[in-house]
Amino acid sequence: MQQPWSREQFEEMLRAKGQLYHIHHPFHIAMHQGECSVEQIQGWVANRFYYQVNIPIKDAAILANCHDMETRRLWIQRILDHDGSVEDKTLGGIEAWLQLGQAVGLDRQDLLDEKFVLPGVRFAVDAYVNFARRANWQEAACSSLTEMFAPQIHQSRLDSWPTNYPWIETQGLQYFQMRLSQARRDVNHGLQITLDHFTTRQAQDEALNILQFKLDILWSMLDAMTLAYQQDRAPYQGLVAEPTYHKRIFK
Ligand SMILES: O=C(O)c1cc(C(=O)O)c2c(n1)C(=O)C(=O)c1cc(C(=O)O)[nH]c1-2
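Chains are numbered independently. Their residues run from 1 in the order of the written sequence. Where totals are concerned, whole chains, interfaces and linings use all residues; where local detail is concerned, this predicted model gives features only for residues with pLDDT of at least 70, and gives and counts side-chain atom pairs only at 80 or more. Side-chain calculation: all heavy atoms of the structure are included, whereas hydrogens and water are not.

Residues lying three or four places apart along an α-helix face the same way, a consequence of the helix completing one turn every 3.6 residues. The numbering of helices and of strands both runs from the N terminus, where a helix is a DSSP run of H or I of at least 4 residues and a strand a run of E of at least 2. Here the expected length of a helix is defined as 1.5 Å per residue gap, with one fewer gap than residues. Taking 1.5 Å of rise per residue, 24 residues should cover 34 Å, and helix H10 (residues 174–197) covers 35 Å from first to last C-alpha, within 8% of that figure. Of all bends in H10, the biggest is about 35°, found at Leu180. By definition, a residue's bend is the angle between the axes fitted to the seven residues ending there and the seven starting there.

Structure follows, in structure tokens:
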């Protein structure tokens, strides 16, 4: 039987997965370099909204599977981050993303109706939610660890968008600003859970595979957007005037 990695080595291996983060996806690189058209930015914002609305659903599934009160007390904050707190009247991530949508010229109701969500993006995001429903809470926590790499991607948008896309109202970028500190806090917690739980070599390999699964989800979302918005190959392109895709099926 192989020896487990030390806690430090294991963390290093998890962090090394950053080399496959979607910051390196050609669509994301083009977006960062200011090469995206208005339609491409709008397509990305509209599709990513589906990820945003599903994050609190995913986190609620993790809570539902979690028997540890201390973990639930911390994890519940993630839902409030995205939904907003009624008590503190804080701006939630979903509302902030709707404001981003407005800033790039999208209709709020179109976003809420998930009008532009591509089937490939839907399948990828649904896979994440369904994993959180089926996995135990430690495995689900591990799958959130792509957030280790997220502050860099949010910061890169804050740094480059105002120059590259001056037509986007800067007020719309508030989502990225909010996530900088929220993501770091989430990572501290998610990493503690992962390092504590996956302690045999076999379990550590499993954790690395779970993180790869999540990287694959993020990458696949951008692949679907590449086909649709960069290569003019959205599903059913050319077969009908206005392609329509299936709506959310609540099953
Ligand atoms: O903009 C991004 O590239 C990006 C990536 C990720 C990620 O790595 O999963 C998240 C977010 N943003 C994000 O804003 C967010 O709230 C979030 C929550 C989670 C998660 O898995 O629980 N990932 C991410």
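A word on the UniProt feature "domain: Thiaminase-2/PQQC" (unreviewed entry) in the protein chain. Summarizing the sequence annotation, UniProt attributes the feature "domain: Thiaminase-2/PQQC" (unreviewed entry) to residues 19–223 in the numbering used throughout. For residues 19–223, the helix share is 73%, the strand share is 0%, and the end-to-end C-alpha distance is 17 Å. UniProt positions are given in the numbering used here, feature names are shortened, and annotations may be inferred rather than shown by experiment.

What follows covers the site of the ligand. Around the ligand, a shell composed of 18 residues is seen, among which Tyr21, Tyr51, Lys58, Tyr128 and Tyr175 lie nearest. Nitrogen and oxygen atoms within 3.5 Å of one another constitute a polar contact, given that in protein one can donate a hydrogen and the other can accept it, and given that sequence-neighbouring residues count only through two side-chain atoms. For the ligand, an oxygen atom lies 2.5 Å from a polar atom in the side chain of Tyr128. A distance of 2.4 Å separates an oxygen atom of the ligand from a polar atom in the side chain of Tyr175. Starting from 470 Å² of accessible surface for the ligand in isolation, the protein chains cover 99%. Sorting the residues of the shell around the ligand by element identifies helix H3 (38–64), helix H9 (150–164), H10 and helix H11 (201–230) as the ones contributing at least two each. When residues of the shell around the ligand are assigned to their parent elements, the largest contribution, four residues, is made by H3. Residues were grouped as follows: Ala, Val, Leu, Ile, Met, Phe, Trp, Tyr, Cys and Pro as nonpolar; Asp, Glu, Lys and Arg as charged; and all remaining residues, including Gly, as polar. Residue composition of the shell around the ligand, by class: seven nonpolar, five polar and six charged. Proximity is defined per residue: any heavy atom of the residue falling within 4 Å of a molecule or strand makes that residue near it. Here the Shrake-Rupley method, with its probe set to 1.4 Å, supplies the accessible areas, and only the displayed protein chains count as covering residues.

If you check the backbone angles, Lys89 has positive phi at about 55° while not being a glycine. The residue Lys89 is located in the loop between helix H4 (69–83) and helix H5 (93–103) in this model. Lys89 sits in the exposed class, given a relative accessible area of 73%. Even without glycine at this site, Tyr236 takes up a positive phi of about 70°. Looking at the element boundaries, Tyr236 is found in the segment after H11. Overall, Tyr236 belongs to the partly exposed group, its relative accessible area being 48%. Burial classification: accessible surface area is computed with a 1.4 Å probe over protein chains only, and a residue below 20% of its type maximum counts as buried, one above 50% as exposed, and the rest as partly exposed.

A few words now on the environment of Tyr245. With respect to the secondary-structure elements, Tyr245 resides in the segment after H11. Residue Tyr245 is classed as buried on the basis of its relative accessible area of 15%. Between the C-alpha atoms of Tyr245 and Leu211, which are 34 residues apart in sequence, the distance is 29 Å. Note on contacts: a residue pair is in contact if any heavy atoms of the two residues lie within 4.5 Å. Residues in contact with Tyr245, not counting those within four places in the same chain, are Val117, Leu118, Pro119, Ala234, Pro235 and Tyr236.

The next subject is the packing of H3 against helix H7 (residues 119–134). In this description, a line fitted to the C-alpha atoms serves as the axis of each element, helices being fitted only across the stretch in contact, and the angle between N-to-C directions of two axes falls anywhere from 0 to 180 degrees. Following both chains from N to C, one finds H3 and H7 inclined at 10°, their axes separated by 8 Å at the closest point. Taken together, the axis directions place H3 and H7 in an arrangement best described as roughly parallel. Across the interface between the two elements, Asn47, Tyr50, Tyr51, Asn54, Ile55, Ile57, Lys58, Ala61 and Ile62 from H3 touch Val121, Arg122, Val125, Asp126, Tyr128, Val129, Ala132 and Arg133 from H7. Looking at the contact of H3 with H7 residue by residue, the class counts come to 11 nonpolar, two polar and four charged. Here the angle decides the label: under 35 degrees means roughly parallel, over 145 means roughly antiparallel, 65 to 115 means roughly perpendicular, and every other value means oblique.

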